[in-house]
Amino acid sequence: AGMVVAGEPRAWRPGEAMVFDTSFVHSAYNDASAPADYLHIDFFHPDLEPDERFALAAFRRCQDQWKDARARLRRELGL
């Protein structure tokens, strides 16, 4: 299991964490026979101003509400 970040493969090593910048194109893979789990945590860039952090958090809340509404609609339509 591992990830490819900005075209660079990174193998996962048991007992180690993997941290990367999600502004780069990335994907995950699992070539093992056992399922793989991951924990995704978003961090704000340390140079962001408080109003920028507030705006990004508000955008994320709106995005989550849109995704929830879309999922409900798809269920209601049987899609």
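See the structure above.
Since the model is a prediction, treat every value here as computed from it, not as a measurement.

What counts and how
Residues numbered from 1 in each chain as written. Predicted model: local features only at pLDDT ≥ 70, side-chain atom pairs only at ≥ 80, totals over all residues. Heavy atoms only, no water. Helix = DSSP H or I, 4+ residues; strand = E, 2+ residues; numbered from the N terminus. Rg over C-alpha atoms; globule rule 2.2 N^0.38 Å. Buried < 20%, exposed > 50% of the residue type's maximum accessible area, 1.4 Å probe, protein only. Contact = heavy atoms within 4.5 Å. Pairing = 2+ DSSP bridges. 1 Å grid on protein atoms, 1.4 Å probe; cavity = no way out; pocket = protein on both sides within 12 Å on 5 of 7 lines; lining within 4 Å. Points joined across faces, edges and corners; volume = space filled by probe spheres on them. Nonpolar A, V, L, I, M, F, W, Y, C, P; charged D, E, K, R; others polar.

Novice: Tell me about the overall build of the chain, residues and numbers included.
Specialist: When you go through the chain residue by residue, the secondary structure sums to one helix and three strands. When the helices and strands of the chain are listed from N to C terminus, the series reads β-β-β-α. The globule rule puts the C-alpha radius of gyration for 79 residues at 12 Å, and the 17 Å found for the chain is more than 25% above it. Taken along the three principal axes of its C-alpha coordinates, the chain extends 45 × 35 × 25 Å.

Novice: Describe the environment of M18, and please don't skip the residues or the numbers.
Specialist: With respect to the helices, strands and loops of the structure, M18 is situated in the loop between β2 (8–11) and β3 (26–29). Classification of M18 by relative accessible area gives partly exposed; the value is 30%. Sequence separation between M18 and M3 is 15 residues, and the spatial gap between their C-alpha atoms is 9.0 Å. Dropping the residues within four chain positions of it, M18 is found in contact with M3, R10, A11 and W12.

Novice: Please provide a residue-by-residue account of the pairing of strand β1 (residues 2–5), values included.
Specialist: With four bridges connecting them, β1 and β2 associate as antiparallel partners. Within the sheet, the bridge partner assigned to V4 lies in β2 and is P9. Hairpin connection from β1 to β2: two residues lie between these consecutive antiparallel strands, with A6 at a positive phi of about 55°.

Novice: How would you sum up the layout of surface pockets? Please name residues and give values.
Specialist: In this structure, the largest pocket occupies an estimated 1400 Å³ of space. Taken together, 35 residues make up the lining of the largest pocket; nearest its centre are F20, T22, L39, H40 and I41. Secondary structure elements with two or more residues in the lining of the largest pocket: β1, β3 and α1 (50–77). Along its surface, the second largest pocket is lined by 13 residues, and R10, A11, A17, M18 and V19 are the ones closest to its centre. Counting residues per element, the lining of the second largest pocket draws most heavily on β2, at three residues. Of the residues in the lining of the second largest pocket, the class split is nine nonpolar, no polar and four charged.

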